[in-house]
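# Residue-level structural notes
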Amino acid sequence: MTHDLDAVTAGLTLRWSSGGTEGAVNRIKKIKRQLYGRAEFDLLRKMILLA
């Protein structure tokens, strides 16, 4: 952690957050898990765009 001290300090003190991005990534991962082995890319793309 000493190598990343600046990043850790910035993460704890700055006001901005990547929560929205993380939520979108988790939603996409959930959809991918649900469709694993059942559908092709076209259906995955449609589900992500419509969700």
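All residue numbers refer to position in the chain's written sequence, counted from 1. Per-residue local features of the predicted model are confined to residues with pLDDT of at least 70, and side-chain atom pairs are confined, for both listing and counting, to 80 or more; whole-chain, interface and lining totals are unaffected and use all residues. Note that water and hydrogens are dropped before the side-chain values are worked out from all heavy atoms of the structure.

### Looking at the overall build of the protein
Applicable threshold: The helix count covers DSSP runs of H or I at least four residues long, the strand count covers runs of E at least two residues long, and both are numbered beginning at the N terminus. Relative accessibility under 20% of the residue-type maximum defines a buried residue, over 50% an exposed one, and the middle range a partly exposed one, all with a 1.4 Å probe and only protein chains included. Computed with the Shrake-Rupley method and a 1.4 Å probe, the accessible areas treat only the protein chains shown as cover for residues.
Secondary structure assignment for the protein yields three helices and zero strands. Secondary structure of the protein in N-to-C order comes out as α-α-α. Each principal axis of the C-alpha atoms in the protein carries an extent, and together these give about 45 × 20 × 15 Å. Scored against the burial criterion, the 51 residues of the protein give a buried share of 6%. Summing over all exposed atoms, the protein offers an accessible surface of approximately 4900 Å²; the carbon and sulfur share of this is 58%.

### Description of the confidence of the model for the protein
Rules: Per residue, pLDDT captures the predictor's confidence, and it can take any value from 0 to 100.
Of all residues in the protein, 98% attain a pLDDT of 70 or more, and the chain-wide mean is 86. Per-residue pLDDT, averaged within each element of the protein, yields its smallest value for helix H3 (residues 41-50) (87) and its largest for helix H2 (residues 19-35) (89).

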